[in-house]
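Chain residues, written in single-letter form:
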Amino acid sequence: MASTGPLYLGFDLSTQQLKGLVVDDSLKKVHEAKFDFDADAKGFNINKGVLVNEAEHEVFAPVAMWLQAIDTLLLRLKDDGLDFKRIKGISGSGMQHGSVFWNADAEQLLAQLDPEKTLQSQLDGAFAHPFSPNWQDASTQKECDEFDAVLGNEHQLANVTGSKAHHRFTGPQILRFQRKYPDKYIKTYRITLVSSWIATVFLGKFAPFDISDVCGMNLWDIKAGKWNEKLLELAAGPSGVDALKKKLGDVPEDGGIHLGNISDYFVRRHGFSSDCTIIASTGDNPSTILALPLKKNDAIVSLGTSTTFLMSTAQYRPDPATHFFNSPTTPGLYMFMLCYKNGGLAREKVRNAINAQAGVDDTNSWSAFDENLLSTPPLAQDDPSKTPMNLGLYFPRPEIIPNLPVGEWHFEYDPVSDELKRSRGVPRSPEQDARVIVESQFLSLRLRSRDLVHSPGPGLPPQPRRVYMVGGGSRNKAIARVAGEVLGGSEGVFKLDVGENACALGAAYKAVWAVERDPGETFEDLIGKRWREDEFVEKIADGYQPDVFERYGRALKGFEMMELKLLEERKEGKLDE
């Protein structure tokens, strides 16, 4: 007999795809489909999901393309056998920081949709501007400088909003938009993020921002829980703060708030139940941490082309080098995030040098890299009592943490004398570079998260309880072993495999929690009871090892000194590679 239980639908609108994923109330995935913008979209001259204006460093996407994607994706889910009547809740994940500018006709158009016609064919007239700035957009340097200055400096801005000013953040983007397109800005009735755009379409009326995603705007005072008046005044320009407040709307504190039932259009066109509820959608990074019941003091390390570090913490300690967001589900928790441009490419550069020296036929093989990584002692110290620690930074791309150009730099550090001095490289290059580059990436994570972790148990120094690894680098158990040595992890280092759909899965889990929670029941409690860890998680390395963990702790001071010295040299214009 076919199951008739409730189902929950999560969307993920990213740069290159729209994904839809359906789970049942036991969190089992039962349906999924996707729409690839480059391969599937018709009538848009996009490349990798976006359009580019090189002259002004603009990167943006046509909003109509996303409507086309929803139309097609729902048909593909139907072809996959989805019974839309069983869907009880819908939530979404949207690429962070993108903004959509709706006009005054939008809600009327949304309310009067004809179920015989597509969304795309009926909503062209709903937008004051047909494009949405993408997170890759870099057109707002002038505006970012103004945002960093308006509260005093970038530290004050980070303290209030969780981040210093960034090109992609919505506040600087609004400031530039109202200057470049003053007429379109005046015609803008509502501004949504990509996440609240998804919720708006399915709700059939304007949906509010999510309590976590609103933190990616440089406009929201996180501790005060309200818009910051000075930042609004800067972004609003001549039209004034009150006009911008109306365009932005209110922000509910509850991440699981029921925004209302699904629009009648979807009931009549696709067969959804009229009591299907729409849950506030969140950003892609917050949604990632919802793909598992991440506990306080747990960390996720994403090892892809870039490196990303995510952590759930009860402590709010912002810094210009980091990002803080409210938890998308749990009051009193925050999401701490680090984003590095350098990750896989830097490791691959060392791997290629090792393979070339060893004459390895398969240039993509990691075997020689891994062998050298594990055979090289920590910090490339053959005898810690006689030789200094070897530290380095390897940046094939300009880096933001710390803010340094392309380059490779090496130093020796003696923790006893506290002496740091420049060196020409590791004693044996490129073999020992395998160790030092991996250590450098994890030492940076440990340095910047050290004030946020706490002791996971009696007698243990502050460290994560668990370190979850995702992304391409998570398949490498040698790298995972070093991650545990540097970062700790009282219960170990784990590979988390939720496929390529972590954001959509997190959105679907959010819908399950929002609909089925008991009063006061947290996301972590409800999802934790239903989540099947053995299907998604594999322990791949030990974590905390007292002696080596303490040794890396002593290295942190030298590592920080190295970064500060290079930053000072850059400031003085005498940084050499």
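Everything numeric in this text was worked out from a predicted model, so none of it was measured.

Q: Teacher, can you tell me more about the sheet that holds strand β18 (residues 334-340) here?
A: Strand pairing in a sheet relies on backbone hydrogen bonds. The paired strands run either parallel or antiparallel. On the basis of which strands lie adjacent, the open sheet formed by seven strands has the order β17-β18-β16-β15-β24-β25-β26 and mixed pairing. Of all the strands in the sheet, just β17 (323-326) and β26 (537-541) have a single pairing partner and so form its edges. In this sheet, neighbouring strand axes are inclined to one another by 25° on average, regardless of whether the strands run parallel or antiparallel. Summarising the sheet, strand β24 (residues 467-470) and strand β25 (residues 493-496) pair through three bridges and their orientation is parallel. Each bridged residue has a counterpart across the sheet, and for Tyr 468 the counterpart in β25 is Phe 494. Here helix α16 (residues 433-449) sits on the sheet and contacts β15 (299-303), β16 (307-313), β18 and β24; the angle it forms with β18, its principal contact strand, is near 145°.

Q: What should I look at first to understand the domain arrangement of the protein in this one?
A: On domain assignment, one finds that the protein holds domain 1 (7-286), domain 2 (293-342 + 463-541) and domain 3 (344-449 + 546-572). If you look at the interface, domain 2 gives 26 residues, while domain 3 gives 30 residues. Taken together, the connections running from domain 2 to domain 3 amount to one salt bridge. We note a salt bridge from Arg 435 to Glu 485, for which the minimum N-O separation is 2.6 Å. Where domain 2 meets domain 3, there are nine residue pairs in polar contact (both at pLDDT 80 or more). When residues of the side of domain 2 that touches domain 3 are traced back to their parent elements, those giving at least two are β15, β16, β18 and α17 (477-487). Examining the composition of the side of domain 2 that touches domain 3, we find that eight residues originate from one element, α17, more than from any other.

Q: Where do I start with the sheet that holds strand β4 (residues 51-53) in this structure?
A: One open sheet accounts for three strands, arranged β4-β5-β8; its pairing is antiparallel. With one partner strand each, in any of the chains shown, β4 and β8 (131-133) form the two edges of the open sheet. The mean angle between the axes of side-by-side strands here comes to 35°, regardless of whether they run parallel or antiparallel. Looking at chain direction, strand β5 (residues 58-62) and β8 are connected through three bridges and run antiparallel.

Conventions adopted
- Residues numbered from 1 in each chain as written.
- Predicted model: local features only at pLDDT ≥ 70, side-chain atom pairs only at ≥ 80, totals over all residues.
- Heavy atoms only, no water.
- Pairing = 2+ DSSP bridges.
- Helix = DSSP H or I, 4+ residues; strand = E, 2+ residues; numbered from the N terminus.
- Axes fitted to C-alpha atoms, helices over the stretch in contact; angles between N-to-C directions.
- Contact = heavy atoms within 4.5 Å.
- Domains from an automatic or database assignment.
- Salt bridge = Lys/Arg side-chain N within 4 Å of Asp/Glu carboxyl O.
- Polar contact = N/O pair within 3.5 Å; in protein donor to acceptor, adjacent residues only side chain to side chain.

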